[in-house]
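Remarks on the overall topology
Chain residues, written in single-letter form:
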Amino acid sequence: MIYIFRLIFGYVNFVYKNGFVEDFLTECFNNSIEIRDVQKCDDYIIASCNIKNYKKLHRIALKTGGVVKIIDKKGLPFVLLPLKNRYGFFVGMLLFCVLISFFGSFVWNVEINGNEKISNATVNAFLENNGLKQGVMWGSVNRDKIAWDMMSSFDDFSWVHINKRGTTALVEINEKTDTPPKDFDKLQGINVFRRELSVTVSREQSDVFVKNTKKYYNLEFFALSVPLYINRQKGEISSSSNSFLTIKDTALPIGYTVFEEQYLSSTKRTLNDNELKALSKKRLSKKELQELDGFSIVNKTEKYDINENSCTATFTYVIRRK
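This one's a predicted model, so the numbers in the text were calculated from it and none came from an experiment. (Residues numbered from 1 in each chain as written. Predicted model: local features only at pLDDT ≥ 70, side-chain atom pairs only at ≥ 80, totals over all residues. Heavy atoms only, no water.)

A word on the overall build of the protein
- Within the protein, the secondary structure is distributed over eight helices and 14 strands.
- The C-alpha radius of gyration of the protein comes to 34 Å, more than 25% above the 20 Å expected for a compact globule of 322 residues.
- By principal-axis analysis of the C-alpha atoms, the protein measures approximately 100 × 50 × 45 Å.
- Within the protein, contacts between residues separated by at least 24 positions form 68% of all contacts whose residues are at least 6 apart in sequence.
- If you sum the accessible surface of the protein, you get close to 21300 Å²; carbon and sulfur atoms cover 54% of it.
- Between the mean site of the 45 positive side-chain charges and the mean site of the 36 negative ones, the protein shows a separation of 6 Å. (Helix = DSSP H or I, 4+ residues; strand = E, 2+ residues; numbered from the N terminus. Rg over C-alpha atoms; globule rule 2.2 N^0.38 Å. Contact = heavy atoms within 4.5 Å. Areas by Shrake-Rupley, 256 points an atom, 1.4 Å probe, with all protein chains shown as cover. Lys, Arg positive; Asp, Glu negative; His and termini not counted. Charge placed at Lys NZ, Arg CZ, Asp CG, Glu CD.)

Structure (C-alpha cells):
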C-alpha cells in the first residue's frame with residue numbers, strides 16, 4: 001500500500017557521493033528527512049525519497065562535502081509532466097470520469113441468488129414487470145417496494161432483499177422451508193409416538209462434476225463498480241470474494257470483486273439392487289435426522305420395495321420425547 005502511494009505522489013532514486021556518508025545520514029535524520037532503501041556501496045550510497053525531500057538534500061549534501069544526483073524517477077507526476085500543457089488530455093480524463101459516473105447510475109446486471117423452488121426466468125419476468133431490468137437508472141427503482149411485492153406474490157419466498165452493488169442489482173432470496181408434520185403434538189400428555197418415513201430413489205442416477213470454471217472481475221472504486229467483462233454466464237454454482245486496499249487494517253473502498261462461476265456436467269449410471277438399497281437408506285437416514293430431531297428412537301423397522309425402475313424405502317419408528 002505504501003508503494004502505491006509513493007507511485008501516486010512520485011519519488012526519485014539518487015546517489016550521494018564525494019562526501020561523508022555518515023554525516024549525510026545524520027543530517028537527514030536531524031532534519032526529519034525520510035529516505036528509503038539505503039544501499040552502501042564503497043564510498044557512496046544509493047537511496048530514494050519523495051520529490052519534496054529531495055529538494056532539501058542539496059543543502060545537506062553541500063554541508064557534508066558531497067553531492068546528490070538523481071539516477072531514476074518514478075511515479076505518476078513524472079508520467080504526467082510531459083502532458084502539462086496538453087489540456088485536451090486532462091479534459092478527456094475529466095470527461096471519462098464523468099461518463100463512468102454517469103454509466104454507474106444505471107443497472108447493467110441483475111443477479112438472483114437463493115431461489116430453488118421458483119426459476120430465474122419467473123423471477124426475472126416479475127422484476128422486469130416492476131421496473132427492475134438492465135438499462136434502467138437506479139433512481140427509478142424502488143427496491144423496497146419490489147421486495148415487498150415479491151414476498152406478497154410468491155408464497156415460497158419468506159424474505160427478499162435487493163442490494164445495490166455498483167452497477168449490479170443483487171436480488172437475495174430466502175425461501176420457506178417445509179415445516180415438519182405436527183402429528184407429534186396431537187396427543188397431549190403422551191410421550192411415545194409412532195412415525196413413518198419413506199423415500200423413493202430412482203435406479204438411474206447422475207454423477208455431477210465440475211466441467212468448467214470461469215472468473216469475472218469487477219473494479220471497485222468507492223461506490224462505483226465497473227464490470228471488466230462483457231457478458232457473464234451464470235453457472236450452476238456461484239461464489240464471490242472481495243479484495244480491497246488496506247491501511248493499518250482499515251479497508252479502503254478501492255479494490256476488486258471476483259465472481260467465480262462453476263459449470264457442471266453429469267454422467268448417468270444404473271444402480272444394482274444393493275446400491276439402490278444403500279442409497280435409499282442413506283437418504284432416509286438424513287431425513288430421519290431432520291424430522292426426528294428432539295426425539296429418541298425406541299424401535300425402528302425397515303422395509304424396501306425394489307422394482308425395475310426404483311426403490312421405495314419405508315422406516316417405521318417408535319419414538320419418545322427427549
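Focus: the environment of Lys117
- Within the fold, Lys117 resides in the loop between strand S5 (109-113) and helix H6 (120-129).
- The class of Lys117 is partly exposed, set by a relative accessible area of 43%.
- When the C-alpha atoms of Lys117 and Phe157 are compared, they prove to be 9.1 Å apart, with 40 residues separating the residues in sequence. (Buried < 20%, exposed > 50% of the residue type's maximum accessible area, 1.4 Å probe, protein only.)

Observations regarding the sheet that holds strand S3 (residues 44-50)
- Reading across from one edge, S2-S3-S1-S4 is the order of the four strands in this open sheet, with antiparallel pairing throughout. Two strands close off the open sheet at either side, each with one partner strand: strand S2 (36-41) and strand S4 (67-74). In this sheet, neighbouring strand axes are inclined to one another by 20° on average, regardless of whether the strands run parallel or antiparallel.
- Looking at chain direction, strand S1 (residues 11-17) and S3 are connected through six bridges and run antiparallel. (Pairing = 2+ DSSP bridges. Axes fitted to C-alpha atoms, helices over the stretch in contact; angles between N-to-C directions.)

With respect to the packing of helix H2 (residues 21-30) against helix H3 (residues 51-63)
- Packing of H2 against H3 leaves a shortest axis separation of 9 Å and a crossing angle of 135°. Overall, the two elements H2 and H3 adopt an arrangement that is oblique. Crossing angle aside, the handedness with which H2 passes H3 is right-handed. Contacts from Phe24, Glu27 and Cys28 in H2 reach Leu57, Ile60, Ala61 and Lys63 in H3.
- Residues of the contact of H2 with H3, tallied by class, amount to five nonpolar, no polar and two charged. (Parallel < 35°, antiparallel > 145°, perpendicular 65-115°, else oblique. Left-handed = near helix turned anticlockwise from the far one by under 90°. Nonpolar A, V, L, I, M, F, W, Y, C, P; charged D, E, K, R; others polar.)

A few points about the nonpolar core
- Ranked by internal contacts, the top residues of the largest apolar core, which has 22 residues, are Leu127, Leu132, Met150 and Val171.
- Residue assignment for this core shows that the elements contributing at least two residues are S5, H6, helix H7 (143-153), strand S6 (157-165) and strand S7 (168-175).
- The element best represented in this core is H7, accounting for four residues.
- Ignoring sequence-local partners within four residues, the contact set of Val171 consists of Val110, Glu111, Ile112, Asn113, Leu127, Leu132, Val160, His161 and Ile162.
- Of all hydrophobic cores here, the second largest spans 16 residues; its members include Phe14, Leu57, Ala61 and Val68. (Core = buried A, V, L, I, M, F, W, Y, C linked by side-chain atoms within 4.5 Å.)

Looking at H2
- Among all positions of H2, only Val21, Phe24, Glu27 and Cys28 are buried. The arc that holds every buried residue of H2, seen down its axis, measures 130°, which confines them to one face. Projecting away from the buried face of H2 at angles above 90 degrees are the exposed residues Glu22, Phe29 and Asn30.
- Its buried side turned inward, H2 meets S1, S2, S3, H3 and S4.
- At the exit of H2 stands Ser32, carrying a positive phi of roughly 55°. (Arc of directions from axis to C-beta.)

Description of a nonpolar patch on the surface
- A cluster of nonpolar side chains, namely Ile4, Phe5, Ile8, Phe9, Leu76, Val79 and Ile247, defines an oily patch on the protein surface of about 610 Å² accessible area.
- Of all elements in the fold, only helix H1 (2-9) and helix H4 (76-80) reach the threshold of two or more residues within the nonpolar patch.
- With four residues, the single largest contributor to the nonpolar patch is H1.
- The residue Phe9 is located in helix H1 in this model.
- Since its relative accessible area comes to 60%, Phe9 is described here as exposed. (Patch = residues over 30% accessible without salt bridge, like charges linked within 9 Å, V, L, I, M, F, W, Y side chains within 5 Å. Salt bridge = Lys/Arg side-chain N within 4 Å of Asp/Glu carboxyl O.)

Some thoughts on the packing of aromatic side chains
- Per the stated rule, a full pass over the model turns up nine aromatic pairs.
- Here the aromatic rings of Tyr16 and Phe24 are separated by 4.0 Å at their centres, their planes lie at 15°, and the arrangement is stacked. Accessibility classification places Tyr16 together with Phe24 in one group, the buried group.
- Both rings, one in Tyr217 and one in Tyr256, keep their centres 6.2 Å apart while their planes meet at 55°; by these two values the pair is tilted. Of this pair, Tyr217 sits in strand S9 (residues 204-221) while Tyr256 sits in strand S12 (residues 250-270), and the two are 39 residues apart along the sequence.
- Classification of Tyr217 as partly exposed rests on a relative accessible area of 38%.
- Every member of this aromatic cluster is reached through a ring pair, and the members are Phe126, Phe154 and Phe157. (Phe/Tyr/Trp six-rings, centres within 6.5 Å; stacked < 30°, edge-to-face > 60°.)

Quick notes on the side chain of Asn218
- Among the secondary structure elements, Asn218 is positioned in strand S9.
- Residue contacts for Asn218: discarding those within four places in its chain leaves Thr168, Ser225, Val226, Pro227, Leu228, Tyr229, Gly255, Tyr256, Thr257 and Phe259.

With respect to the sheet that holds strand S13 (residues 295-306)
- Strand order in the open sheet formed by three strands is S8-S14-S13, and the pairing between neighbours is antiparallel. One side of each edge strand has no neighbouring strand; the edge strands of this open sheet are strand S8 (192-202) and S13. Each neighbouring strand pair of the sheet contributes to a mean axis angle of 15°, computed without reference to strand direction.
- Across eleven bridges, the pairing between S8 and strand S14 (residues 310-321) is antiparallel.

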